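Chains, contacts and geometry: an overview
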Amino acid sequence: MNAGTDNILDRVGILGAMDAEISQFLEHAETLERTEWRGFVFHRLRLRGREVILVKCGVGKVFSALVSQHLIDAYLPSALLFTGVAGALNPAYAIGDVVVSRDCLQHDVDGRALGFARGNLLYTDMKIFAAESSLLASALSARADGHKIHAGRILTGDQFMTRDEINQHRYLREEMQGDAVEMEGGAMAQVCAVNGLPFLVIRTISDRADGDAVHDFNRFLPVVARNSLAIVDHILSA
Ligand code: ADE
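Attention here is on the structure that accompanies the text. (Residues numbered from 1 in each chain as written. Predicted model: local features only at pLDDT ≥ 70, side-chain atom pairs only at ≥ 80, totals over all residues. Heavy atoms only, no water.)

1. Thoughts on the site of the ligand
Residues in close proximity to the ligand total 13 residues, the closest being Gly87, Phe160, Met161, Glu182 and Asp207. At 2.8 Å, a backbone N or O of methionine 161 approaches a nitrogen atom of the ligand. In the environment of the ligand, a nitrogen atom lies 2.6 Å from a nitrogen or oxygen atom belonging to the side chain of aspartate 207. Contact with the protein chains removes 97% of the 260 Å² of surface that the ligand exposes when unbound. Spatially, the ligand is embedded in the largest pocket. Elements with a contribution of two residues or more to the shell around the ligand: β5 (79–88), β9 (180–182) and β10 (199–207). Tallying contributions element by element places β5 first for the shell around the ligand, with three residues. (Near = heavy atom within 4 Å. Polar contact = N/O pair within 3.5 Å; in protein donor to acceptor, adjacent residues only side chain to side chain. Areas by Shrake-Rupley, 256 points an atom, 1.4 Å probe, with all protein chains shown as cover. 1 Å grid on protein atoms, 1.4 Å probe; cavity = no way out; pocket = protein on both sides within 12 Å on 5 of 7 lines; lining within 4 Å. Sits in = over half its atoms within 2 Å of the grid points. Helix = DSSP H or I, 4+ residues; strand = E, 2+ residues; numbered from the N terminus.)

2. Some remarks on a nonpolar patch on the surface
Among the surface-exposed residues, Leu114, Leu122 and Tyr123 lie close enough to one another that they form a single nonpolar patch of about 350 Å² accessible area. Mapping tyrosine 123 onto the fold places it in the loop between β6 (98–106) and β7 (129–130). According to the relative accessible area criterion, tyrosine 123 is exposed, its value standing at 65%. (Patch = residues over 30% accessible without salt bridge, like charges linked within 9 Å, V, L, I, M, F, W, Y side chains within 5 Å. Salt bridge = Lys/Arg side-chain N within 4 Å of Asp/Glu carboxyl O. Buried < 20%, exposed > 50% of the residue type's maximum accessible area, 1.4 Å probe, protein only.)

3. What about the pairing of β10?
Of all nine residues in β10, nine are buried; the element is thus mostly enclosed. As defined by bridge partners, β5 adjoins β10 across eight bridges and the pair is classed as parallel. Bridge pairing links leucine 81 to leucine 200 in β10. Two strands pair when backbone bridges link them, and β6 and β10 are joined in this way by three bridges, in the antiparallel orientation. Within the sheet, the bridge partner assigned to valine 98 lies in β10 and is threonine 204. (Pairing = 2+ DSSP bridges.)

4. Things to note about the pattern of salt bridges
Applying the stated criterion across every chain yields a total of 15 salt bridges. Aspartate 103 serves as the salt-bridge partner of arginine 153, at 2.7 Å between the closest nitrogen and oxygen. Of this pair, arginine 153 sits in strand β8 (residues 149–156) while aspartate 103 sits in strand β6, and the two are 50 residues apart along the sequence. Owing to a relative accessible area of 12%, arginine 153 belongs among the buried residues under this scheme. Under the relative-accessibility criterion, aspartate 103 is labelled buried at 9%. Where salt bridges share partners, they join Arg11, Glu33, Arg44 and Glu51 into one cluster.

5. A look at the packing of helix α2 (residues 61–75) against helix α6 (residues 185–195)
The contact between α2 and α6 brings their axes to 8 Å, and the two run at 35°. Crossing angle aside, the handedness with which α2 passes α6 is right-handed. Counted together, Lys61, Ser64, Ala65, Ser68, Gln69 and Ile72 of α2 and Ala187, Met188, Val191 and Asn195 of α6 form the full contact between these two elements. Its residues assigned to classes, the contact of α2 with α6 comprises five nonpolar, four polar and one charged. (Axes fitted to C-alpha atoms, helices over the stretch in contact; angles between N-to-C directions. Left-handed = near helix turned anticlockwise from the far one by under 90°. Contact = heavy atoms within 4.5 Å. Nonpolar A, V, L, I, M, F, W, Y, C, P; charged D, E, K, R; others polar.)

6. Notes on the packing of aromatic side chains
Scanning the entire structure with this criterion turns up six aromatic pairs. Seen from their ring centres, phenylalanine 116 and tyrosine 123 are 4.8 Å apart, and the 75° between their planes marks the pair as edge-to-face. For phenylalanine 116, a relative accessible area of 17% translates into the label buried. Ring plane angle 70° and centroid distance 5.2 Å describe the contact between phenylalanine 160 and phenylalanine 217, whose orientation is recorded as edge-to-face. With phenylalanine 160 in the loop between β8 and α4 (163–168) and phenylalanine 217 in helix α7 (residues 213–237), the pair connects residues that are 57 residues apart, well separated along the chain. Three or more aromatic residues joined by ring pairs make a cluster, and in this case those are Trp37, Phe40, Phe42, Phe63 and Tyr75. Positioned above the aromatic ring of tyrosine 171 is the side chain of arginine 118, whose terminal nitrogen or guanidinium carbon lies 3.4 Å from the ring centre. (Phe/Tyr/Trp six-rings, centres within 6.5 Å; stacked < 30°, edge-to-face > 60°. Lys NZ or Arg CZ within 6 Å of the ring centre and 35° of its normal.)

Structure, rendered in structure tokens:
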């Protein structure tokens, strides 16, 4: 099931979309090796006494899937984590809170014209990707600097959501019951499902996917990404 290891924490792969989402890890870990592949830099690190492979994959589903698959093939990880920020759809979530994926769904997959439910990958039975339960439980028992940690449904698509998009996409909350929206987690989850690998997505809320989303996103990105480090640190310390 895991590619070559017995313990789910033996060699965790960690992806982030942007520098601000991975820089904290580099500052807090010992670097063992740095390897480049197709312009992506894979950092083999020791963090909390465990081997970790950290990589910035860039923004969006294709980059996330591409880098996830290469990480799996080249490093045989025991699990993959995605860490970074997300926009809140759930009104109970505050900026700075952390949402960990109970499950993930790709909100921009739409084969309804062919009779598939929205989010259902066409001609497959894949739609909702459940995170690994022990990783989820471990993340929920962490602390995030006075902020709440929620288990939620993370929606993924290749769109940055602001008020206009949300008004046109009421199904994100009403039909798909999404709690947060981002641009990579669901793609990594799909790759993990195909490879039979456990995963968890950890996202700090940077904005409310509303009229202030762009401003909040830019303002809070460097600050709130720290909370994700605290969660990963906690998981690795288990
Ligand atoms: N990541 C952080 N905020 C986001 C938003 N509003 N839409 C999509 N991805 C995001």
